[in-house]
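Descriptive structure summary
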Amino acid sequence: MSKGKILVVDDEIYIVHILDFSLGMEGYEVITALDGEQALEKVASEKPDLIVLDIMMPKLDGYEVCKSIKSNSSTQNIPVILLSAKGRNVDQKLGFDVGADDYITKPFSPRKLVERINQLLGQTVTERPTPST
Amino acid sequence: MIPSVELLWALAASALLIVEQVRHRRTLRHELRSLRSSYDAVIQRNEELTQASDKMGDLYRHQLLTSRKRAARIKKVLEIAMSMNSNLSLDKVLHEVVHAVADAAGFRIVLLRVLDEAKGVFEARSFAGLNRDAIRKLEQHTIPQKEFESWLKEEFRISRSYFISHERRFWRRNEDEGYTPDLGARKEGEWHQEDVLFVPLYTRDGAVIGYLSVDDPIDRNVPSKETVETLEILATQAVVAIQNANLYERLNESMTQLEVATERAEELNDLKDQFLSTVSHELRTPLTSIKAYAEALLEHVGSRNVDTQRQFLGVVVEQSQKLSRLIEAILELTQLESGRFRMSREPFNVVALAEEVQGLLRSAAEAKGIAMRVEPAVPEVVLEADRGLVKRVLFNLGNNAIKFTEEGGTVTFRVGLRERVVHLEVEDTGIGIPQEELGKIFDRFYQVDNRDDRIYPGAGLGLTVSKSIVEWHGGEITAKSEPGKGSSFTVLLPATAMEAGVITQATYRPTRSVSDHLTRLTVEMIAEVMNARTASFMLLDEESSELYIRAARGLREEVVNGTRIKLGDSISGWVAKHGQPLLVTNIEEDPRFGRRNGHQYETKSLLSVPVKVQGRVIGVININNKISCTPFTDDDRALLSSLSDRVALAWQRVSEHEASSDRTEEAARAITAIIENARRSRLKLSTGTMAARAVALGRKLGLSENEVEVLAYVASVHDVGMENVGREILDEPGRLDHEAWSRVKVHPVRSAEIVKPIEFQEQVTEIILAHHERMDGRGYPRGLKGEQIPVGARIIAVLDAYESMTVGRPYRHAMTHTEAMQELRRCQGTQFDPGVVEAFAQLVATEGNTNPVRAREAA
């Protein structure tokens, strides 16, 4: 059984691969997108439980994608982790302004990212108004 | 009756008395008279004294009044000088000073000149007592600093000023109309019309920054020491004012500079931010992969999946390489830009280098399914440059081409050599670059996709690094592109460091009608044909009536960009104004320009000709520093004038057809051929003598000045078509076969075709075409006979034959002068015009051992 479905969005194919590997090892189901537009399509069609989102990407950047997800009522509860080489405070602030749940600066530790994801998904599960199970 | 004795006595007594009385009276009268005269004298003296006293009183009062007036005036000047501030312009203050001099020191005519440090001349700035015409004249006439300083002889000095009496005046005055030099008899110490008093304006450290020149004193007296001292006090005020104004100006300038600098700093800061952010992003990307994969490997080190581990390690290695390349590029750029770079030039084959680079890029191209090829024009192109750096340029251009080309595309490297310039071209069939972006692509970190997408990652440093490298070699890099079809980058590098003779193009160009390429070629042609180390091409900026240097060879960049010459000023200004050429054999001795030789000129000789389009001067061509270090001659003048006419024509044609690059291409081809021809003929023994002999022969045979100029030009270009015949034919031993011979035979036609785009005189074409015709009609290409052959062509034929006979070919020994002359004589009437041969014989006879062929023979 998968622990959850995670969408990994990055234009750098190596990053996508390594996250696929690390999260896969952790028991997550990983779906991927290589640019912003593709990301939004996958969000709509796959309804992931969490999104790991790069910022500097072709077509639509991470901020735009995040804003779009957070302004759509059907997707606004999906946690978004921005993963970016943009390490300045203003970049982070902008990230939180568009509704990101976390901001991790590249280069990152896959282990720590996995921990954050576990944490966020654990939290969101408890915070979600749970219907009877 | 006898008189009584008494009566007699009485009578006698009376008589005596009378005599006594008379005598007494006489004495009295005398005394009275002398008393009278004494009295008169006293009265007179008294009157005199009274008069003198009155006079003294008047004088005293006058002096007092004058002194008061002067004091007031001086006070005013002092006040003004003290209050000199931002609101008060220098001209206002100088005006006050000059009028104070006029009023307070009592001179009707006052002129104040201020030193223009940049030009080294004193310019008339302020005047009193002069009419508008006189002012205009003075304003137009500047006094060179050195000239003025030479006037300040110790013998003329009064206090710190110089009074040069008309008797000791050592220069001649330009006599104006209605000018009366002598006013007749004068009293001792009276001012003479031609006396001059200069009051230099000294700064505190003794430098002269201007001077007062005063004339026509109200008291008509030669100035006293006191007057001079008054003037000097006023002069001091002028100095203060000028220095204040200069300071203020400089302050203003600094303020503007500061503003610009601040703006620039802000810009730079933005750029730096952007740079840092881009660099950090570019560095982080490979680092991110390295860290993530390395950590994943570490975590799963026990995993048995060796393939995954190998794959991960592969990513780490690859990304590490990417990272180090990036760091290298940044370091390289920093080094290049800081100028701490050491370049080592060595000759190498660029074709082989291009193939090597192709090999380095092969895997990247194959991975994207891109075909790559090297197309050399010839198997070997030797370039004298830093091989490593040129390799870097080719690599960067190739790498970019691959990066921006889609699958199935092609990347082509072309290598060629033209006009001693190595052409390297890297062409792709990629996405292309929008026209408006072309100008920015060489900027640091610039990427066309910066604005939105980052499909094509890279530091954006490749082109910047490449440009720096190319410029370090004295070359240039340009880009052409058609979006959707592909881009092509062209690098032009001088084949050898020596040949380069760096040509500098001005950054200032009010009109853009003529391309950099053509300008460069024009300057190069002039320098090469004229054998001049320094050549500059100036254009007239119609708006400001100033000449600026459009491009130059052998001048420093700051000279090229900083020179502005007013119409009429200096040598080029004179040439532009009068539309006449000017030949100066020794500038230091030329009375027109005494001691104005710029430090950038090694030789004292220079030649300047106007460039005229339809009778209007559009610019000036200047040459200095003949390679032979001899002065320019009238032959050179004739040749340069013809060249200038061709340049003007090319300019006119190109600017009339701005859109058409064909015109530029045509003109460029013609000029290039002339440059190559000039370089080829430089290798021959009789360097530069062909044009000079053509001029001399033309004159000897009674040709017009215009025909002589044409001849000088033709002598320099008549064989431009020879290169197309092929070196191998000319250098080949043995007799020419039929095929080769027919190729040789067309070279006059080729030559005429090549120069046609810059030709307007049919004469020129005719002479070029006919210079291999023979008197007996057996010549080529048209078989003209005798008088049908233009006289110019008959002259060139003799000169050409003599030259080729005495130079020799690999298959034929060079003839001696005597042998060559015998051959010319033998062939006169059949091949050559006997009249021309005779004139040539006479001419060569006068050359003596200055003729290298004869010198060699003599040795």
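What counts and how
Residues numbered from 1 in each chain as written. Chains lettered and ligands numbered in written order. Predicted model: local features only at pLDDT ≥ 70, side-chain atom pairs only at ≥ 80, totals over all residues. Helix = DSSP H or I, 4+ residues; strand = E, 2+ residues; numbered from the N terminus. Buried ≥ 20, exposed ≤ 12 C-beta atoms within 10 Å, placed from the backbone. Contact = placed C-beta atoms within 7 Å. Axes fitted to C-alpha atoms, helices over the stretch in contact; angles between N-to-C directions. Parallel < 35°, antiparallel > 145°, perpendicular 65-115°, else oblique. Left-handed = near helix turned anticlockwise from the far one by under 90°. Nonpolar A, V, L, I, M, F, W, Y, C, P; charged D, E, K, R; others polar. Pairing = 2+ DSSP bridges. Core = buried A, V, L, I, M, F, W, Y, C linked by C-beta atoms within 7 Å. Expected span 1.5 Å × (residues − 1). pLDDT = per-residue confidence, 0-100.

1. Points about the overall build of chain B
Within chain B, the regular secondary structure consists of 26 helices and 21 strands. Burial statistics for chain B: of 859 residues in total, 36% are counted as buried. Here the contacts in chain B between residues at least 6 apart in sequence split such that 66% fall between residues at least 24 apart.

2. Here's the deal with the overall build of chain A
Helices and strands together make up the secondary structure of chain A, namely 5 helices and 5 strands. When the helices and strands of chain A are listed from N to C terminus, the series reads β-α-β-α-β-α-β-α-β-α. Burial analysis of chain A (133 residues in total) assigns 39% to the buried set. Within chain A, residue pairs in contact and separated by at least 24 positions form 58% of the contacts whose partners lie at least 6 positions apart.

3. A short note on the packing of helix H11 (residues 516-530) of chain B against helix H14 (residues 634-656) of chain B
All names here are of chain B. Closest axis-to-axis distance for the H11/H14 pair is 11 Å, and the angle between their directions is 165 degrees. Relative to H14, H11 is oriented roughly antiparallel. For H11 against H14, the interelement crossing comes out right-handed. Contact residues: Leu 518, Thr 522, Ile 526, Val 529 and Met 530 in H11; Asp 636, Leu 639, Leu 640, Leu 643, Val 647 and Val 654 in H14. The class makeup of the residues in the contact of H11 with H14 is 9 nonpolar, 1 polar and 1 charged.

4. Section: the sheet that holds strand S13 (residues 476-482) of chain B
Residues and elements named next belong to chain B. Across the sheet, which stays open at both edges, the 5 strands sit in the order S9-S11-S12-S14-S13 with mixed pairing between neighbours. Of all the strands in the sheet, the pair left with one neighbour each is strand S9 (371-376) and S13. Strand after strand, the sheet turns through a mean of 15 degrees between neighbouring axes, direction not considered. In terms of strand pairing, S13 meets strand S14 (residues 486-494) through 7 bridges, oriented antiparallel. Pairing of Glu 476 across the sheet is with Leu 492, part of S14.

5. Let's talk about the nonpolar core
Residues and elements named next belong to chain B. In terms of nonpolar packing, the biggest core is built from 99 residues, with Ile 526, Ile 674, Ala 694, Ala 712, Val 714 and Val 798 touching the most fellow members. Ignoring any residue separated from it by four or fewer positions in sequence, one finds Val 714 in contact with Val 764, Ile 767, Ile 768, Gly 792 and Ile 796. Of all hydrophobic cores here, the second largest spans 39 residues; its members include Val 350, Ile 469, Ile 477 and Leu 492.

6. As for H11 of chain B
Residue and element names in this part refer to chain B. Given a rise of 1.5 Å per residue, 15 residues ought to cover 21 Å, and the 21 Å separating the end C-alpha atoms of H11 matches this to within 8%. The buried count for H11 comes to 13 of 15 residues, which makes it a mostly enclosed element. Following H11 by one or two positions, Asn 531 has its phi on the positive side, about 55 degrees.

7. Examining the pairing of strand S16 (residues 532-541) of chain B
Residue and element names in this part refer to chain B. With 8 of 10 residues buried, S16 is to be regarded as a mostly interior element. Here S16 pairs with strand S17 (residues 546-553) via 7 bridges, running antiparallel. Opposite Asp 541, over in S17, you have Glu 546 as the bridge partner. Where S16 folds back onto S17 in an antiparallel hairpin, the turn is made up of 4 residues, including Ser 545, whose phi is positive at roughly 55 degrees.

8. Concerning the interface of chain B and chain A
Facing the 17 residues of chain B at the interface are 18 residues of chain A. The dominant element in the side of chain B that touches chain A, judged by the number of residues it contributes, is helix H5 (residues 225-299) of chain B, at 13 residues. Grouping the amino acids of the side of chain B that touches chain A by side-chain chemistry returns 6 nonpolar, 5 polar and 6 charged.

9. Some thoughts on the packing of helix H7 (residues 350-368) of chain B against helix H8 (residues 387-403) of chain B
Residues and elements named next belong to chain B. Look at H7 against H8: their axes get within 9 Å of each other, and the N-to-C directions meet at 25 degrees. Accordingly, the angle class assigned to the pair H7 and H8 is roughly parallel. Crossing handedness for the pair H7 and H8: right-handed. On H8, the residues that touch Leu 353, Ala 354, Val 357, Leu 360, Leu 361, Ala 364, Ala 365 and Lys 368 of H7 are Arg 387, Val 390, Lys 391, Leu 394, Phe 395, Gly 398, Asn 399 and Ile 402. Across the contact of H7 with H8, the residue classes break down as 11 nonpolar, 2 polar and 3 charged.

10. Things to note about the pairing of strand S10 (residues 382-385) of chain B
Residue and element names in this part refer to chain B. Side chains Leu 383 and Ala 385 of S10 all project onto a buried face; the interleaved residues Val 382 and Glu 384 project onto a face where none is buried. Both strand S8 (residues 346-349) and S10 contribute to a ladder of 4 bridges, which runs antiparallel. Bridging across to S10, Phe 348 finds its partner in Leu 383.

11. Here's the deal with the sheet that holds strand S5 (residues 161-164) of chain B
Residue and element names in this part refer to chain B. Strands sit in the order S3-S2-S1-S7-S6-S5-S4 across an open sheet of 7 strands; the sheet is antiparallel. A single partner strand is all that each edge strand has here, and the edge strands are strand S3 (143-144) and strand S4 (157-158). Bridge count between S4 and S5: 2 bridges; the pairing is antiparallel. Looking across to S5, one finds that Ile 158 is bridged to Ser 161. Across the sheet, helix H2 (residues 90-104) touches strand S1 (107-116), strand S2 (121-128) and strand S7 (208-217), and the angle it forms with S2 is around 65 degrees.

12. With respect to unusual backbone geometry
Here the bond from Lys 106 of chain A into Pro 107 of chain A is cis, since omega is -5 degrees, no more than 30 degrees from zero. Tracing the chain through its elements places Pro 107 of chain A in the loop between strand S5 (102-105) and helix H5 (110-127). Tyr 780 of chain B connects to Pro 781 of chain B through a cis peptide bond whose omega is 5 degrees. Its identity as a non-glycine residue notwithstanding, Ser 159 of chain B has a phi of 55 degrees, on the positive side. The residue Ser 159 of chain B is located in the loop between S4 and S5 in this model. Its identity is not glycine, yet Asp 216 of chain B carries a phi of approximately 60 degrees, on the positive side. Looking at the element boundaries, Asp 216 of chain B is found in strand S7. With 15 C-beta atoms counted inside 10 Å, the residue Asp 216 of chain B sits in the partly exposed group.

13. Structural notes on the environment of Gly 369 of chain B
All names here are of chain B. With respect to the helices and strands, the residue Gly 369 is situated in the loop between H7 and S9. Overall, the presence of 11 C-beta atoms within 10 Å leaves Gly 369 in the exposed class. Expressed as a C-alpha distance, the spacing of Gly 369 and Thr 410, which sit 41 residues apart in the sequence, is 9.0 Å.

14. Observations regarding the environment of Asp 195 of chain B
Residues and elements named next belong to chain B. Its location among the elements puts Asp 195 in the loop between S5 and strand S6 (196-202). Note: C-alpha distance between Asp 195 and Asp 216 (21 residues apart in sequence) is 8.9 Å. Apart from the residues within four sequence positions on either side, Asp 195 is in contact with Ser 165, His 166 and Val 222.

15. Describing the confidence of the model for chain B
It should be kept in mind that the predicted coordinates are not to be read in detail where pLDDT is low. Residues and elements named next belong to chain B. Here chain B averages 78 in pLDDT, while 79% of its residues score no lower than 70. Here helix H10 (residues 497-500) stands out as the element of chain B with the lowest mean pLDDT, 45, in contrast to strand S11 (residues 410-418), whose mean of 91 is the highest. When the criterion is pLDDT under 50, residues 594-602 qualifies, and its contacts beyond four places in sequence or with other chains add up to 13 contacts. Counting contacts from residues 683-687, a segment whose pLDDT is below 50, to residues more than four positions away or on other chains yields 10 contacts. Scored as a complex, the prediction yields pTM 0.40 and ipTM 0.85.

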